[in-house]
Protein chains: 2
Amino acid sequence: MKPRVLIIGGGFGGLYAARALHHAPVDVTLVDRTNHHLFQPLLYQVATATLAPTDITAPIRHLLRHQSNTTVLMAEVTSIELERRVARLSDGSELPYDYLIVATGARHSYFGHPEWEAKAPGLKSIEDAIEIRRRFLLAFEKAELAQDADECAACLTFVVVGGGPTGVELAGMLPTITRFALPGDFRRFDPAKARVILVEGGPRVLPTFPEDLSAHAERDLVDLGVEVRTRAIVTAVGDGFVDIGDERIEARTVFWAAGNAASPIGKSFGLPLDRSGRVQVDADLGVPGRPEVFVIGDLAVMTTDGKPVPGVAPAAMQSGRAAARNILRSIRGEPRRPFHYRNKGDVATIGRYKAVAVIAGLHLSGNVAWWSWLFIHIMYLAGFRNRLSVLLEWGYAFFTYQRGARLITRR
Amino acid sequence: MKPRVLIIGGGFGGLYAARALHHAPVDVTLVDRTNHHLFQPLLYQVATATLAPTDITAPIRHLLRHQSNTTVLMAEVTSIELERRVARLSDGSELPYDYLIVATGARHSYFGHPEWEAKAPGLKSIEDAIEIRRRFLLAFEKAELAQDADECAACLTFVVVGGGPTGVELAGMLPTITRFALPGDFRRFDPAKARVILVEGGPRVLPTFPEDLSAHAERDLVDLGVEVRTRAIVTAVGDGFVDIGDERIEARTVFWAAGNAASPIGKSFGLPLDRSGRVQVDADLGVPGRPEVFVIGDLAVMTTDGKPVPGVAPAAMQSGRAAARNILRSIRGEPRRPFHYRNKGDVATIGRYKAVAVIAGLHLSGNVAWWSWLFIHIMYLAGFRNRLSVLLEWGYAFFTYQRGARLITRR
């Protein structure tokens, strides 16, 4: 019998691990709670009604259909029994393994205030994006129905908490839409008057980028009309308001893009976790004392040449591939290799035609960075069809300023 | 002050009524529970993962943005006070009117068994279509997880109740997907072995079509592998089964496309309703004794030259336009005109490349009917962008046999 490799999670880490086992003499099973791989870097475009949910998702099993050694199951893993080498599913059944790759990623962290989640949804899953889209579009519908000017203004105030790439991209897209896509559609107020406030606890937005690009991004955001508040701490999120320090902001719509909390499955390893619940792994991505178990992507505290690896999509992809290759080395009786992260660059878009990027050590901004962003994302989008569909939507949005996905669905 | 025209409902009836009041000396308010106009004739394509929900919806306010005399509100009308001439919204506020057009359409009827709805969803709203898509795709995921052959077979049995156009189009699309789009994606069963059963209470499918086309459609369905059961009555819908007469069919997935129940708002008129809750209107579409109130589309029992008008999209469009014009005639002091329905034809598709149609009295079938269907639907699709996007999706589906919208979202 061929060695059984079980992969939990069909994000970038799990998918690239599975792909690296194509043609290998192993039986692969990939389990995910959803049926789809999600192209997370474009999630904010679904949240802002630019792309359709189906544009950035693809069935995991369809992406892996040509790998005859791979079975994809849509199921929830509730626990892992390391001694017996089985994963237990929510229906009570068990999946045995010889090698295990855990790639279940992270959710948002509300810093000890889980009750804020219902009031300020985060942006990790396609359901999150649909919910943010719903609230964003509904705010304008509520403004058209508002009985007085204060209520109307509160409906038109949007607070984005967290100045990392997700927060910056989300906050940068909102004024683009309120200024260009919506005017003309409403009779009782001017959508261009909407306020967008970006709140960041640290001294600058995009803290993982070089300082000059952070400054550039902040200027671009301010030019778009975003109120950028750095060194600002959210102290309360209530029904219809946010407190930033001592100041209360009447805002009916709040989005959360701050902090990561690793998927809870990390706890079942009985290993020390870091503050955000991530699992410390060895240099070869194996779990200490459990050479048959690997943890990758956002769930792992990974290092490369002694430095921490950032929680970004390329790191998930590369670690997935590295873990799969180390499994194959173990099967062949070869020594494993330490994971080496190749940072190919970072990029974040700001609104319609601007971006900041670090590519091959170069600091880029403005149009050049934006075109780089476009090229990279189109190249990586999984599956030819989505690529074409996304290009069409972008072309439409770019040339007409309109948004093609302004759909509010009921919960 | 200009006369106030209130339109309730943004489907084909309400939208075409509003459009007919463009440039007229009236203040128009259109109220809908949702933010979008829905192109209902293509709803089954969303339910079968061919089109994205955003392909067949468009914000009502965006479609009416150039009508400066028209305000669109997303709100729910809970009752109408005919004496005071106001509509009451769910938030307690009131909308006064001088003329009222009610176009709230119909939902499915479960023939006195409302408890079947949760087990066998119907297909009227975009949420319905997303739910049917979810269940359809989930059935195959469950089959891949099934522990025995019986469970697997029950997961792969789909029952569609109702042999009208919606049921026929839905049932015809399912085998096309199970045979062509899904094989290769699963490891533990062959999706082409899925059973699709279409249940119709009457003697033939498409009962509103000529008999020869009904026979043609039935042959096309059988060729596709659909089990067509006419004169068959559903006697129970339970957890995981359907009873047809005395026979129990183990089917985990049941869809409902039988019977119409008019929107409940019809009751507030205090007028006699027909069996399915529709309001009897005068020849000019006005409500008897209430010349300022019109009821149109699926909510009305309309006649033309003494014959009943079918509950189809063109009838809703034409009656919306006719009611709006009669309002303008009343304002000008001219006599109203009776509604005259022009039947431009009927068409229903069956699977990938076949259809039946009656156009200008001609009975068409096969490819010719299918191309007519394609042409008509592309022409009527509201908004240029959706048209292009839909053509792209269809082209992709047609040439690759794949489906671009295989997304399961959590409820």
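This structure is a prediction, so every number in the text was calculated from the model and none was measured. (Residues numbered from 1 in each chain as written. Chains lettered and ligands numbered in written order. Predicted model: local features only at pLDDT ≥ 70, side-chain atom pairs only at ≥ 80, totals over all residues.)

Turning next to the interface of chain A and chain B. Listed as interface residues are 37 residues of chain A and, on the opposing side, 37 residues of chain B. Among the secondary structure elements, those contributing two or more residues to the side of chain A that touches chain B are strand S4 (57–59), helix H3 (60–63), strand S5 (70–74), helix H4 (126–145) and helix H10 (384–400) of chain A. Grouping the constituent residues of the side of chain A that touches chain B by class yields 16 nonpolar, eleven polar and ten charged. (Contact = placed C-beta atoms within 7 Å. Helix = DSSP H or I, 4+ residues; strand = E, 2+ residues; numbered from the N terminus. Nonpolar A, V, L, I, M, F, W, Y, C, P; charged D, E, K, R; others polar.)

Under the fitted operation, chain A is carried onto chain B by 0.0 Å of movement along the axis and a turn of 180°, and the coordinates agree to an RMSD of 0.0 Å. What the rotation and shift describe, once combined, is the action of a two-fold rotation axis. An overlap of 100% is found between the interface residues of chain A and their copies at the interface of chain B, pointing to a shared contact surface. (Least-squares fit on C-alpha atoms with pLDDT ≥ 70 in both.)

Here we come to the nonpolar core. A:Val160, A:Val161 and B:Val160 are the most contacted members of the largest nonpolar core, which has 152 residues in total. Filtering out sequence-adjacent residues up to four positions away, A:Val160 remains in contact with A:Gly167, A:Leu170, A:Ala171, A:Val196, A:Leu198, A:Val199, A:Phe255 and A:Ala257. (Core = buried A, V, L, I, M, F, W, Y, C linked by C-beta atoms within 7 Å. Buried ≥ 20, exposed ≤ 12 C-beta atoms within 10 Å, placed from the backbone.)

It is worth spelling out the confidence of the model for chain A at this point. Per-residue confidence for chain A gives a mean pLDDT of 92; residues scoring 70 or more make up 99%. We note a pTM of 0.94 for the whole complex and an ipTM of 0.92 for its interfaces. (pLDDT = per-residue confidence, 0-100.)

Before going further, it helps to examine the environment of A:Val26. Residues and elements named next belong to chain A. Here valine 26 lies in the loop between helix H1 (12–20) and strand S2 (27–32). A sequence separation of 24 residues divides valine 26 from lysine 2, and the C-alpha atoms of the two residues are 5.1 Å apart. With residues near it in sequence (within four places) discarded, valine 26 still touches Lys2, Pro3, Val5, Leu21 and Asn69.

Residues and elements named next belong to chain A. Taking strand neighbours across the sheet as the criterion, the three strands line up as S25-S26-S27 in an open arrangement whose pairing is antiparallel. Since the sheet does not close on itself, it has two edges, and those belong to strand S25 (346–350) and strand S27 (362–365), each with one partner. The average angle at which neighbouring strand axes cross in this sheet is 5°, direction not considered. With four bridges joining them, strand S26 (residues 354–359) and S27 adopt antiparallel strand pairing. Its bridge partner being in S27, isoleucine 359 is matched across the sheet by leucine 362. (Pairing = 2+ DSSP bridges. Axes fitted to C-alpha atoms, helices over the stretch in contact; angles between N-to-C directions.)

Residues and elements named next belong to chain B. Across the sheet, six strands lie side by side as S5-S2-S1-S9-S21-S20; this open sheet has mixed pairing. Because the sheet does not close on itself, it has two edges, and the strands there are strand S5 (70–74) and strand S20 (286–287). The strands touched by helix H1 (residues 12–20) are strand S1 (4–8), strand S2 (27–32), S5 and strand S9 (99–102); relative to S1, the strand with the most contacts, the crossing angle is about 160°.

Residue and element names in this part refer to chain A. By secondary structure assignment, the location of isoleucine 8 is in strand S1 (residues 4–8). For isoleucine 8, a count of 27 C-beta atoms within 10 Å gives the class buried. Sequence spacing of isoleucine 8 and cysteine 155 is 147 residues, and the spatial spacing of their C-alpha atoms is 41 Å.

Consecutive side chains along a regular strand alternate between the two faces of the sheet. Residues and elements named next belong to chain A. Neither face of strand S17 (residues 253–256) is left uncovered, since the one carrying Thr253 and Phe255 and the one carrying Val254 and Trp256 both have all their residues buried. Pairing geometry for strand S11 (residues 157–161) and S17, over four bridges, is parallel. In the strand pairing of S17, phenylalanine 158 is matched with threonine 253.

The subject of this paragraph is unusual backbone geometry. Even without a glycine there, the phi angle at A:Arg231 is positive, about 45°. By the secondary structure assignment, A:Arg231 is in the loop between strand S13 (226–229) and strand S14 (234–238). The phi angle at B:Ala360 is positive, at roughly 50°, despite the residue not being glycine. Within the secondary structure, B:Ala360 sits in the loop between strand S26 (354–359) and strand S27 (362–365).

Here we take up the domain arrangement of chain A. As far as domains go, chain A holds domain 1 (4–33 + 75–108 + 260–332) and domain 2 (114–257). Averaged C-alpha coordinates put domain 1 of chain A and domain 2 of chain A at centres separated by 34 Å. (Domains from an automatic or database assignment.)

The next thing to look at is the pairing of S25(A). Burial within S25(A) is extensive, with four of its five residues counted as buried. Counting the residues that bridge the hairpin from S25(A) to S26(A) gives three residues, and of these A:Gly351 lies at a positive phi of roughly 70°.

Residues and elements named next belong to chain B. Two elements in contact, helix H6 (residues 165–181) and helix H7 (residues 211–224), have axes whose closest approach is 9 Å; the angle formed by their N-to-C orientations is 25°. In terms of orientation, H6 and H7 fall into the roughly parallel class. Seen along the crossing, H6 lies across H7 with a hand that is left-handed. The residues of H7 that touch H6, namely those facing Val168, Ala171, Gly172, Pro175 and Thr176, are Ala217, Leu221 and Leu224. Grouping the constituent residues of the contact of H6 with H7 by class yields six nonpolar, two polar and no charged. (Parallel < 35°, antiparallel > 145°, perpendicular 65-115°, else oblique. Left-handed = near helix turned anticlockwise from the far one by under 90°.)

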